Amino acid sequence: MEKVLMKGNEAIAEAAVRAGCRHFFGYPITPQNELPEYMSHRMPEVGGVFLQAESEVAAINMVYGAAGAGARVMTSSSSPGISLKLEGISYIAGAELPCVIINVMRAGPGLGGIQPSQADYFQAVKGGGHGDYRMTVLAPSTVQEAVDLTMEAFEIADYYRNPVMILADGYIGQMMEPVVFNKTVNPEDLAAKSWATDGAKGRDVNIINSLFLDPEELEEHNHDLDRKYQEMKKRENRYELYKMEDAEMAIVAYGTTARISTKAVDLAREKGIKLGLIRPISLYPFPEKIIQESTKDIEKYLVVEMSMGQMVEDVKLAVNGQRPVHFHGRTGGMVPTPEEIFSVIEDLWEE
Amino acid sequence: MKIVADYPESLTEKEFHYCPGCTHGLIHRLIAEVMDELEIREDTIGIAPVGCSVLAYEYFNCDMQEASHGRAPAVATGVKRVHPDKVVFTYQGDGDLASIGTAEIVHAANRGENFTTIFVNNAIYGMTGGQMAPTTLKEQKTSTSQSGRNLQESGNPIKMSEMLSVLDGPAYIARVSVHDPKHIIKAKKAIKKAFQMQIEKKGFTMVEVLSTCPTNWGVSPVKALDWLAENMLDVYPLAVYKEVE
């Protein structure tokens, strides 16, 4: 397979095309604009539809319609835009429709800034929109991983009939790296969606809906959804370990921050500090088991995030008070350096 | 024996939940009859709104999607872009279409999205209990305009058909009423025209149907029909506002 040099946003777009996505609805927002721009020429090339909606709200509802109609469909945005899409995401989850949502995070709150951030962790993994829903959230740390996870996201979405989010940060979206596209899916080869609203010829009518006026029915629906989320928890745990074999301290970080943290691990190892890295790839479901198991060897944890501290709460839940969990975060679009992380580690090691 | 009237195949047998004298049921039936006559039931995907007609998906005997408040035109856009050869319609009330969903209807119309919108205007919010709508008339009393709508404070009744008809995207925009049999027949003709033009891929079509709300207007079903004729027709003139060749 040929290696090509691509910007993260464009690589994600191409991965979606290769995954058989033929419908894209979006609205421009920095720093993810290369993604819809790429789709605007690539979709017509493959006989698909690119539509620039009038707003993020409209875009996600177009996704809802297209997903309900049986299409592989995607939208992308950045933090403030995702906030606008949350109502639609809740409806998509409630109506059990598959789609892929890309969030190339920028710094907030409010209009914030356009520099990279990881401050949408809570929004992505805790629901964000209203009601009891969850979606698989995958966080790439390289452009190649963004490609692979995007392709996988469509499969996961179809399997569970649920939205899947790729939670990347501005760095992943903007950096250029060589990537390989390992496979191409022909949308015509995909399994038929018998539940889709595509005209009731020769069958009973299909209804796409999330309204349950009878509280007993709604409770049952929420239990049904929860069974699905529990299955996700069993099957979709993804993580990567770096130099954890003999580690006595561990950094927990995801995405770009994890990538920077590997350098901090190398710096620590040079100084004889037995540091390792646990990198959650699926943020929902959170790989709590591997973190819980690591407490038998790890004396201290440091969670590094480009936020004021969000994933640190899930790490603390997994560690369950058995070991101290420290936090180091940069925010506002600031990115921690390996040296900066190492100096925090050095202090913790000597404590 | 020749059957001159029958239950439309495009309606389910589910009993309507609508209040006595509300014309939603009648408008549902007109759409269903048109679907039967055009033989499109198995090729149609309807989009239900939020509001009194939120359960429309239980009444139309075709594939249906429920949309969130105001977003039916965006949902319909998504469906139609996936299935350009199917028939797609939205069914929306005035709060849905003319308030929370104004952006979606304007842009879907302006893009010339090839679906049909049935816009039911009864000048009030029904489902939430009779609050003021953007279509509420001057001095009309509602639960949030208790001494009558004051135009200085609340703005003017919004005229969606007139507004949308100046755009280039729509193919057909008409306002009709269902307050008497003569107008009901005209309303059905307009609805049929809108669906036919969609089938011919002419672009966006919308039929605004003036409708009643006896419960929240606080009048009897019969008086509601009179109230519509006496008060709404002057503000919302019945006309074909746009029709392309």
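Residues numbered from 1 in each chain as written. Chains lettered and ligands numbered in written order. Predicted model: local features only at pLDDT ≥ 70, side-chain atom pairs only at ≥ 80, totals over all residues. Heavy atoms only, no water.

Draft legend 1. Just the overall build of chain B, in detail. Scanning chain B for helices and strands turns up 10 helices and seven strands. In summary, chain B has a C-alpha radius of gyration of 17 Å against a globular reference of 18 Å for 245 residues, a match within 12%. Taken over 245 residues, chain B has a buried fraction of 58%. Put simply, chain B shows about 9,800 Å² of open surface, and 52% of that area lies on carbon and sulfur atoms. Taking the 24 positively charged and 30 negatively charged side chains of chain B as two groups, their mean positions are separated by 4 Å. (Helix = DSSP H or I, 4+ residues; strand = E, 2+ residues; numbered from the N terminus. Rg over C-alpha atoms; globule rule 2.2 N^0.38 Å. Buried < 20%, exposed > 50% of the residue type's maximum accessible area, 1.4 Å probe, protein only. Areas by Shrake-Rupley, 256 points an atom, 1.4 Å probe, with all protein chains shown as cover. Lys, Arg positive; Asp, Glu negative; His and termini not counted. Charge placed at Lys NZ, Arg CZ, Asp CG, Glu CD.)

Draft legend 2. Structural context of the interface of chain B and chain A. Counting residues at the interface gives 31 residues for chain B, matched by 33 residues for chain A. Across the chain B to chain A interface the summed buried area is about 2,600 Å²; carbon plus sulfur atoms make up 57%. The interface formed by chain B and chain A holds four salt bridges in total. Its salt-bridge partner being Arg71 of chain B, residue Glu87 of chain A comes within 3.8 Å of it at the nearest N-O pair. One can count 18 residue pairs in polar contact (both at pLDDT 80 or more) joining chain B with chain A. Contributing elements (two or more residues each) for the side of chain B that touches chain A: β2 (63–66), α3 (72–82) and α5 (102–111) of chain B. It is α3 of chain B that contributes the most residues to the side of chain B that touches chain A, seven residues altogether. Looking at the side of chain B that touches chain A, its residues break down into 12 nonpolar, eight polar and 11 charged. Pairing geometry for strand β9 (residues 207–208) of chain A and β2 of chain B, over two bridges, is parallel. Bridged to Ile207 of chain A within β2 of chain B is Met64 of chain B. (Contact = heavy atoms within 4.5 Å. Buried area = accessible area lost by both parts, 1.4 Å probe. Salt bridge = Lys/Arg side-chain N within 4 Å of Asp/Glu carboxyl O. Polar contact = N/O pair within 3.5 Å; in protein donor to acceptor, adjacent residues only side chain to side chain. Nonpolar A, V, L, I, M, F, W, Y, C, P; charged D, E, K, R; others polar. Pairing = 2+ DSSP bridges.)

Draft legend 3. Spatial organisation of the pairing of strand β3 (residues 87–93) of chain B. Residues and elements named next belong to chain B. Burial within β3 is extensive, with seven of its seven residues counted as buried. What you see with β3 is no split at all: Val87, Phe89, Tyr91 and Gly93 on one side and Val88, Thr90 and Gln92 on the other are buried throughout. By the bridge criterion, four bridges tie strand β1 (residues 44–48) to β3 in an arrangement that is parallel. Considered in β3, the bridge of Thr44 is made with Val87. Inspection of the sheet shows β3 paired to strand β4 (residues 116–121) by five bridges, in the parallel sense. Directly across from Thr90, in β4, lies its bridge partner Thr117.

Draft legend 4. Inspection of the pairing of strand β11 (residues 249–252) of chain A at higher detail. All names here are of chain A. Residue alternation in β11 divides its side chains into two sets, Met249 and Ile251 and Ala250 and Val252, and both sets are buried. Examined bridge by bridge, β11 and strand β12 (residues 275–280) share four bridges and lie parallel to one another. Bridge pairing in β12 links Met249 to Leu275. Handedness of the β11-helix α9 (residues 255–270)-β12 crossover: right-handed. Of the pairings in the sheet, the one linking β11 to strand β14 (residues 300–305) comprises four bridges and is parallel in character. (Right-handed = clockwise from strand over helix to strand, strands pointing away.)

Draft legend 5. Inspection of the sheet that holds strand β5 (residues 99–105) of chain A at higher detail. Reading across from one edge, β3-β2-β4-β5-β7-β6-β13 (chain A) is the order of the seven strands in this open sheet, with mixed pairing throughout. Each edge of the open sheet carries a strand with a single partner, namely β3 (49–52) and β13 (282–284) of chain A. This sheet shows a mean twist of 20° between the axes of neighbouring strands, independent of strand direction. As paired strands, strand β6 (residues 136–138) of chain A and β13 of chain A are joined by two bridges and run antiparallel to one another. Residue Leu138 of chain A lies in a different strand from β13 of chain A, and its bridge partner there is Ser282 of chain A. This element, α3 of chain B, spans β2 (23–26) and β3 of chain A of the sheet and lies at about 155° to β2 of chain A. (Axes fitted to C-alpha atoms, helices over the stretch in contact; angles between N-to-C directions.)

Draft legend 6. Summary view of the nonpolar core. Core analysis: the largest hydrophobic core is formed by 120 residues, its most contacted members being Met74 and Ile291 of chain A. Among the elements that take part in this core, helix α6 (residues 143–160) of chain A stands out by supplying 10 residues, more than any other. Among all residues touching Ile291 of chain A, those that are not within four sequence positions of it are Val252, Ile278, Phe286, Tyr301, Val315, Ala318 and Val319 of chain A. Leu38, Ile40, Ile118 and Ile191 of chain B belong to the second largest nonpolar core, which has 38 residues in total. (Core = buried A, V, L, I, M, F, W, Y, C linked by side-chain atoms within 4.5 Å.)

Draft legend 7. Up close: the confidence of the model for chain B. Per-residue confidence for chain B averages 97 on the pLDDT scale, and 100% of its residues sit at or above 70. Interface confidence for the predicted complex, expressed as ipTM, amounts to 0.97; the pTM equals 0.98. (pLDDT = per-residue confidence, 0-100.)

Draft legend 8. Looking closely at the packing of aromatic side chains. For the structure on display, the rule yields 12 aromatic pairs over all chains. Ring centres 5.8 Å apart and planes at 45° place the aromatic pair Tyr121 of chain A and Tyr254 of chain A in the tilted group. Of this pair, Tyr121 of chain A sits in helix α5 (residues 121–125) while Tyr254 of chain A sits in the loop between β11 and α9; the two residues are 133 residues apart in sequence, bridging distant segments of the chain. Judged by relative accessible area, Tyr254 of chain A falls into the buried class, the value being 1%. Summarising the aromatic geometry, the rings of Phe115 of chain B and Phe204 of chain B are spaced 5.6 Å apart at their centres and angled 85° between planes, so their arrangement reads as edge-to-face. Here Phe115 of chain B, found in the loop between α5 and β4, pairs with Phe204 of chain B, found in strand β6 (residues 204–210); they are 89 residues apart in sequence, far enough to count as distant. Take Phe204 of chain B: its relative accessible area is 0%, and that puts it in the buried class. Connected via pairs of aromatic rings, a cluster forms that spans Phe60, Phe89, Tyr91 and Phe195 of chain B. Arg161 of chain A extends its terminal NZ or CZ atom over the ring of Trp195 of chain A, reaching a point 4.2 Å from the ring centre. (Phe/Tyr/Trp six-rings, centres within 6.5 Å; stacked < 30°, edge-to-face > 60°. Lys NZ or Arg CZ within 6 Å of the ring centre and 35° of its normal.)

Draft legend 9. Up close: the pattern of salt bridges. Residues and elements named next belong to chain A. The tally for this structure, following the rule as stated, stands at 43 salt bridges over all chains. Of the charged contacts in the structure, one is a salt bridge between Glu236 and Arg235, with a shortest N-O distance of 3.9 Å. Residue class for Glu236 comes out buried when judged on its relative accessible area of 4%. Arg235 gets classed as partly exposed once you look at its relative accessible area, which sits at 47%. Within this structure, Glu152, Glu231, Arg235, Glu236 and Arg238 form a network of salt bridges that share partners.

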